[in-house]
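# Working through the structure, step by step
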Amino acid sequence: MKDRSNFSNKLGFVLAAAGSAVGLGNIWRFPYLAAKYGGGTFLLIYLILAVTFGFTLMIAEIALGRKTGISAIGAFKSLDRRFGFLGFLASLVPVIIFPYYSVIGGWVIKYFAVFVSGGVQDAAGDTYFTDFISGTMQPIGWFLLFLGLTAIVVLCGVEKGIEKVSKVMMPILVVLTIIIAVYGLTLEGAMEGLVYYIQPHMADVSAKTILAAMGQLFYSMSLAMGIMITYGSYMKKENHLESSVRQIELFDTGIAFLAGLMIIPAVFAFSGGDRSALSAGPGLMFMTLPKVFASMKFGGVIGTIFFVLVFFAALTSAISLMETIVSVFMDKFGWTRRFTGILVAILAAVMGIPSSLGFGSLSFISWMGMSVLDIMDFVSNSVLMPIVAFFTCVFVGFIIKPKAIADEVKITDGKFKAEKMFNVVIKWVAPIFLVLILTSSIASALGIFTL
Ligand code: TRP
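A brief structural summary. Note that the structure is a prediction, hence the values are computed from the model and not measured. All residue numbers refer to positions counted from 1 along the written sequence of the respective chain. Where local features are concerned, this predicted model is filtered to residues with pLDDT of at least 70; where side-chain atom pairs are given and counted, the filter is 80 or more; whole-chain, interface and lining totals use all residues. To get the side-chain values, all heavy atoms of the structure are used, and hydrogens and water are removed first.

With that settled, the discussion passes to the overall build of the protein chain. Helices and strands together make up the secondary structure of the protein chain, namely 19 helices and zero strands. For the protein chain, the C-alpha radius of gyration of 21 Å lies close to 22 Å, the compact-globule estimate for 451 residues. Relative accessibility thresholds used throughout: buried, under 20% of the residue-type maximum; exposed, over 50%; partly exposed, between the two (1.4 Å probe, protein chains only). A buried classification covers 58% of the 451 residues belonging to the protein chain. Contact between two residues is taken to exist if any of their heavy atoms lie within 4.5 Å; hydrogens are not considered. Pairs at least 24 apart in sequence give 82% of the contacts found in the protein chain among residues at least 6 apart. A 1.4 Å probe and the Shrake-Rupley method give the accessible areas. Residues count as covered only by the protein chains that appear here. When the accessible surface of the protein chain is totalled, it reaches about 17,800 Å², and 69% of it is carbon and sulfur. When charges are counted, Lys and Arg contribute as positive and Asp and Glu as negative, whereas His and the chain ends are disregarded. Taken as the charge centre is NZ of Lys, CZ of Arg, CG of Asp or CD of Glu, depending on the residue. For the protein chain, the centre of its 31 positive side-chain charges and the centre of its 24 negative side-chain charges are spaced 9 Å apart. The numbering of helices and of strands both runs from the N terminus, where a helix is a DSSP run of H or I of at least 4 residues and a strand a run of E of at least 2. Our radius of gyration looks at C-alpha atoms and nothing else; its globule reference is 2.2 Å times the residue count to the power 0.38.

Multiply 1.5 Å by the residue count of a helix minus one, and that product is the helix's expected span. Its 31 residues give helix α13 (residues 241–271) an end-to-end C-alpha distance of 45 Å, which sits within 8% of 45 Å, the value for a rise of 1.5 Å per residue. Taking burial as the measure, the 31 residues of α13 include 22 buried ones, the bulk of the element. Among the residues trailing α13, G272 stands out with phi positive, at a value near 55 degrees.

On to the site of the ligand. Note on terminology: near, applied to a residue and a molecule or strand, indicates that one of the residue's heavy atoms is within 4 Å of it. In the region of the ligand, 15 residues are neighbours, and A21, G25, Y101, Y219 and M225 sit closest. Y101 places a polar side-chain atom, nitrogen or oxygen, 2.8 Å from an oxygen atom of the ligand. Take S220: an N or O atom from its main chain is 3.0 Å from a nitrogen atom of the ligand. Against a free-state accessible area of 360 Å², the protein chains account for coverage of 100% of the ligand. Charged means Asp, Glu, Lys or Arg here, nonpolar means Ala, Val, Leu, Ile, Met, Phe, Trp, Tyr, Cys or Pro, and polar covers whatever is left, Gly included. Considered class by class, the residues forming the shell around the ligand number seven nonpolar, eight polar and no charged. We define a polar contact as two N or O atoms separated by no more than 3.5 Å, with the added condition that, inside protein, one atom must be a possible hydrogen donor and the other a possible acceptor, whereas residues neighbouring each other in sequence contribute only through side-chain atom pairs.

Okay, the nonpolar core next. Throughout this description, the term nonpolar core refers to a set of buried Ala, Val, Leu, Ile, Met, Phe, Trp, Tyr and Cys residues connected via side-chain atoms within 4.5 Å. Of all hydrophobic cores here, the largest spans 151 residues; its most connected members are F286 and F306. For F306, the residues in contact, after removing those within four places along its chain, are I27, L173, L176, I180, M262, L289 and F293.

This brings us to the packing of aromatic side chains. The geometry of an aromatic ring pair comes down to the distance between the two centres and the angle between the two planes. Side-chain rings of Phe, Tyr and Trp, where Trp is taken by its six-membered ring, are said to pair if the distance between their centres is within 6.5 Å; with planes under 30 degrees apart they count as stacked, over 60 as edge-to-face, and otherwise as tilted. Enumeration according to the criterion identifies 36 aromatic pairs in this entry. Aromatic pair W107 and F129: ring centres 5.3 Å apart, planes at 80 degrees, arrangement edge-to-face. Of this pair, W107 sits in helix α5 (residues 84–116) while F129 sits in helix α7 (residues 128–133); the two residues are 22 residues apart in sequence, bridging distant segments of the chain. A connected cluster of aromatic rings, assembled from ring pairs, spans W107, Y111, F115, Y128, F129, F286, F293, F306, F307 and F359. The rule is short: NZ of Lys or CZ of Arg within 6 Å of the ring centre and within 35 degrees of the ring normal puts a charge over the ring. Taking NZ or CZ as reference, R29 lies 4.7 Å from the ring centre of Y219, over its face. When the ring centre of F55 is taken as reference, the NZ or CZ atom of R246 above it lies at 4.0 Å.

What follows covers unusual backbone geometry. In the Ramachandran plot, S222 falls in the positive-phi region, its phi being about 50 degrees despite a non-glycine side chain. Following the sequence through the fold, S222 ends up in the loop between α11 (207–220) and α12 (227–233). Residue class for S222 comes out buried when judged on its relative accessible area of 8%. The backbone of K401 sits at a positive phi, close to 75 degrees, despite the residue not being glycine.

Set out below in structure tokens:
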């Protein structure tokens, strides 16, 4: 993509952007957050945010990229010198996400290895997952393997090949997810879980839930970190921006919804009505799915295929995360690709190890009940990304003005259907809301007050 070769058609663009967006965020992160934050309540808030905030920000980012033709760091600066810091802040997000993303990627490879060697019954054991992550060398080993594979792909420049493979795998993953979800729903007790997952309870709505949903939205759609700006810089003017954004969102949200459908009802089926299982956090998928597979005919094979597919979804996202960091460093310091790649890999290894050990020997490190991995996740998704999103809104709303974006959207056929909503959300609704939600979360973190 170095020569800014354009995506040849709209479908190509939508698939490429969705390919980077769909990853562990959809399959691993969305279900555990939805389970933890009230099921249907979380789902409803997420959907509302997706069609308002998510839509507005993605339009803004892709349009910024296409308009300027450069990636995040440069795009803001090229339009207003005072906003150079925003590009920097946005690029910091992948630096924090990438290491712990690879830790989870390692867990996925580990589960693949267990399933392929016939360990489906072992993996379904109650303490299997906690025994695994509380270890020292094992989880670190799998983490370094995932990181190493990602680094090799980036250093050898073979992303294109991996992307092709993953494009074939993605539809298979969707089909398999549907099959597992349908099977899971037939289990005893699953219906109660389905109701929990889709029925909102207004009484559960809290600032914390909204912040969690918003962080997830940014994370899952790769917003507020410059990625979509870079993608936009490769998009052709003939492709309709607004409908592309709708399609990417639909794709991303659809897969997240299905993943929740596959995991949350199954949690109910296997916990025998014990609701505390819902707050398992990052381990939820790894604790629940093996039980589903173990109860299935051919569960060993299905589980193996499932973890391979998830591995590819994770790998493509990790490649694009690492690629972003590498290109930022290369642009900034003028280093070679090889040197930068190795440096970023070492940096990620050093940063990821505490996240991995946070469930074992470093488990004494805890802040508001969060482990090291959760803290990294919280800082990037619930603090940094809302800040980047806020300044992006101010930048578009008051510096370059929404019209600049609207003009870019309209280039293709003169239409921008949701222009009115876009204007109001980017200038007023989103920035005010972001400030409220950030203050309230910082205040509650510091124990001042809780909304
Ligand atoms: N959206 C990806 C997912 O759902 C994760 C992600 C966050 C990402 N930021 C990214 C992927 C940047 C690629 C590039 O898993």
